[in-house]
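Coordinate analysis (summary)
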Amino acid sequence: MTPVDDADDADDTDADDTDADDANPVAAALADGRTTLTEAESKTLLRGAGVETTDFVIADDADGAVAAAEEIGYPVVLKVSSPAVTHKSEWGSGAGVAVGLDSAEAVRSAAERIETEAEAAGVDARLLVEELADTDAGTEVIVGGLRDPSFGPVVLAGLGGVFTEVFEDTSHRLAPVDRAEAREAVESLTAARLLAGYRGSEPADLDALADVVVAVGDLLIEHEAIVEVDVNPVLATGEGAVALDALVVLDDDRTEGGE
Amino acid sequence: MNLQRLFDPDAVAVVGASANEDKIGYEAMASAVRFDGPVYPVNPSGEGELFGEPFVDSVTDVDGVDLALLCVPAPVVPDVIAECGEAGVGAAVIYSGGFAEAGEEGEELQRTVVDAAAEHDIALLGPNTSGYVVPGSDLLFSFASGVETVPAGDVAVLAQSGGVAHDLAFRSTREGYGLSAMVGLGNRANVGFEEAIEYFDGHDDTDAIVLHVEGTDDARGLLETCRDAETPVAAYKVGQSDVGEFAESHTGALTGDHDLYLAGFEQYGVPTVDSTAALLDAGVALAHEPEPSGANVGVVTAQAGPGIIIADRLQRAGATLPELGAETRERIDEILPGITFSGNPVDTGRPMPEFGEVVEAVAADDAIDAVLVYELFEEALGFPVEALDGLHEATGTPVLFATEGPPDAMADQVDALREAGVPVYVQPERAAEATATLARYADLREAGAVPESAAEQGVSR
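Below or above, wherever it landed, is the structure these notes cover.

The rules we used
- Residues numbered from 1 in each chain as written.
- Chains lettered and ligands numbered in written order.
- Predicted model: local features only at pLDDT ≥ 70, side-chain atom pairs only at ≥ 80, totals over all residues.
- Heavy atoms only, no water.
- Helix = DSSP H or I, 4+ residues; strand = E, 2+ residues; numbered from the N terminus.
- Buried < 20%, exposed > 50% of the residue type's maximum accessible area, 1.4 Å probe, protein only.
- Contact = heavy atoms within 4.5 Å.
- Areas by Shrake-Rupley, 256 points an atom, 1.4 Å probe, with all protein chains shown as cover.
- Disulfide = S-S within 2.5 Å.
- Axes fitted to C-alpha atoms, helices over the stretch in contact; angles between N-to-C directions.
- Parallel < 35°, antiparallel > 145°, perpendicular 65-115°, else oblique.
- Patch = residues over 30% accessible without salt bridge, like charges linked within 9 Å, V, L, I, M, F, W, Y side chains within 5 Å.
- Salt bridge = Lys/Arg side-chain N within 4 Å of Asp/Glu carboxyl O.
- Lys, Arg positive; Asp, Glu negative; His and termini not counted.
- Charge placed at Lys NZ, Arg CZ, Asp CG, Glu CD.
- Phe/Tyr/Trp six-rings, centres within 6.5 Å; stacked < 30°, edge-to-face > 60°.
- Pairing = 2+ DSSP bridges.

With that settled, the discussion passes to the overall build of chain A. Per the secondary structure count, chain A includes ten helices and eleven strands. Here chain A holds 259 residues, and the buried ones make up 54% of them. At a minimum sequence separation of 6, the contacts of chain A that also span at least 24 residues come to 65%. Total accessible area on chain A is roughly 10,800 Å²; 47% of this is exposed by carbon and sulfur atoms.

The final tally for this structure, using the stated rule, is zero disulfides over all chains. The structure places no disulfide on B:Cys84, whose sulfur is separated from the nearest cysteine sulfur, that of B:Cys71, by 12 Å.

Right, let's talk about the packing of helix H8 (residues 179–187) of chain A against helix H10 (residues 206–222) of chain A for a bit. Residues and elements named next belong to chain A. Across the interface, H8 lies against H10 with an axial gap of 8 Å and an inter-helix angle of 110°. As far as their axial angle goes, H10 and H8 are roughly perpendicular. Taken together, the residues of H10 that come into contact with H8 (itself represented by Arg179, Ala182, Arg183, Val186 and Glu187) are Leu206, Asp207, Leu209, Ala210, Asp211, Val213 and Val214.

A surface patch of negative charge is lined by B:Asp57, B:Asp61, B:Asp79, B:Glu83 and B:Glu86. In this fold, B:Glu86 is placed in helix H3 (residues 77–87).

Residues and elements named next belong to chain A. Throughout the structure, instances matching the rule amount to 25 salt bridges over all chains. In this structure, aspartate 63 and arginine 108 form a salt bridge, with 2.7 Å as the shortest nitrogen-oxygen distance. One end of the pair, aspartate 63, is in helix H5 (residues 62–72); the other, arginine 108, is in helix H6 (residues 104–121), with 45 residues separating them in the sequence. Residue class for aspartate 63 comes out partly exposed when judged on its relative accessible area of 49%.

Quick look at the packing of aromatic side chains now. All names here are of chain B. Scanning the entire structure with this criterion turns up 13 aromatic pairs over all chains. Taking the centre distance of 5.1 Å and the plane angle of 35° together, the rings of phenylalanine 7 and tyrosine 199 count as tilted. Taken together, the residues phenylalanine 7 in helix H1 (residues 4–7) and tyrosine 199 in helix H6 (residues 193–201) connect sequence positions 192 residues apart. Both residues of the pair, phenylalanine 7 and tyrosine 199, count as buried. Taken together, a centroid distance of 5.3 Å and an interplanar angle of 70° make the contact between phenylalanine 377 and phenylalanine 383 edge-to-face. Grouping residues by exposure puts phenylalanine 377 and phenylalanine 383 together as buried. Each residue in the set Phe7, Phe35, Tyr132, Phe141, Tyr199 and Phe200 is aromatic and connected to the rest through ring pairs, giving one cluster.

Let us look at the sheet that holds strand E11 (residues 179–184) of chain B. Residues and elements named next belong to chain B. Read from one edge of the open sheet, six strands run E9-E8-E11-E10-E12-E13, paired in mixed fashion. Each having just a single partner strand, strand E9 (139–142) and strand E13 (233–237) make up the two edges of the open sheet. Shown here is a sheet whose adjacent strand axes are inclined to one another by a mean of 15°, direction ignored. Here five bridges tie strand E12 (residues 208–213) to E13, and the two strands are oriented parallel to one another. Paired with isoleucine 209 across the two strands is valine 233, which belongs to E13.

In structure tokens, the structure reads:
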């Protein structure tokens, strides 16, 4: 059994949060006066909507991060976790994200670097320890959702990772969408040829990917306060679709509680 | 809101009517008087008569006016609307600019007008519009001159811009189509796309609605209205707008308004086109032809070159060209032994007396959902009018026609085909695009692209 296979375990180490907050990270963030969810909160929300994510644990310090890494199993990814940091990889001169940490020493060193940068920046930061996904095993896709003032909830699928801005290969649908529509959106991408299995690589599970698109649309419909969901990347493989990173943005003028 | 009094009035007042030929109040009156009902020129400083109608001081001086055409400057409009309310006028066209399109003060002025209209339940077309024309009923309520030349047809043009509305109206005139209505929506104070689409969906003379869209505050409402309309709708969304308030993150940066319109129209069963010409062409195809059962197009051409262009364009635009059935090929071989090419396209090599029979054979093929015919005009042969007349009714398969030739020499034959219910286009590309739009419309409807769940959930923005 993996050490963290559901959201509750992740939140157990998240001592500051109350139980009510665990149940609804959106309400918790709004109560705190925040307009973004942390990656852990965002992934918890996605899990609740049925989206598979990588295993993760929130730790308070370097010791905790090492313990979490031992549980999850090396190699791991270590990321800064703070409501104040939404673009983690650009934060702290690159300290915000450390990939492929394969020993306790490596985790400790990366954790201390985050702590140093956080202290310097005056940011209240914690540590997100995460299972390392083999991105070579699949295709990175972006799945997004936003609440447009004129169109309401809309979803998008696109080629993810570093190619997102380069090719701007995206397709859009108005939410809610069903799986068939979401599949159509995915299949209308130029990148669909990559997903279909390029030069002998395994074809991606398009139904699983479509389900992520459906779930993102449903989140916007269910949570009035959510104005944007950014799941980038989603790793699409033959076995499924796993959210590797996620960002949820809220509008604090909107009350939580759905329709 | 009931738009009956706006688009089908019994009596009309032209407020700000003027004998000065340079003024909108003159042009509007000049066109309006063709209306078969009372048209009252309203102007306190007007003397005597204008186009045989005596001036009155105020709309409150006349009874039974449904529609007031306001040829007055923007600042006066709120007072005139209040007066209209007092007089029981049900609708107004506001030609003047200087409202929401002109900055904050204008926005405030527009709000005042909308509030006044709401108080008296007045439907407002505009402001900032050139008005509307319904040629079949001689409702020429535009200040642009020459609108009386627009022939009656069966396509309703609903344009956000009055300029585009007129451009399309005059283009349709030149190309011999005609319109059931031409409406410039302008600032859409309280009559917008949704209200106008709903009205013309129920308009007896309208068989297709085409939209020119720049942008609207309630795009989802527009899409839902299009989906709910029984009349076929096609749209031309103009302008690739910027990314708006979500530009900072990936999702926002990747989502322009334009993308959402194109995706949304498709999702809600509305084919989109990329030019004003294509918009009219699509309207004519949608209005005249039965809804095809799919996107499989059969092409019959008397000349290879245009046929190749058509085959290429059709496929690029999302239609498919299936092989014809064995039975059809045998039938064509019997009609024309040793034919140039009898796959799809069928190329007869040159116009010939049997051309119409070939078209009939292709239209009857089970694999074919629509037929596009290309033939250069040959005076000695004419067009196969008899064969094509009623063919789409007999087969349930749309038949469209494209040609070119000396305009005067072929005019009668073009008219004959059109009277037989066959849309006639010039330019192989335009014909192909219109056919592909018709085919795509069928595909979008067929795919059940309509998310029922969206309608039920009443999604909030």
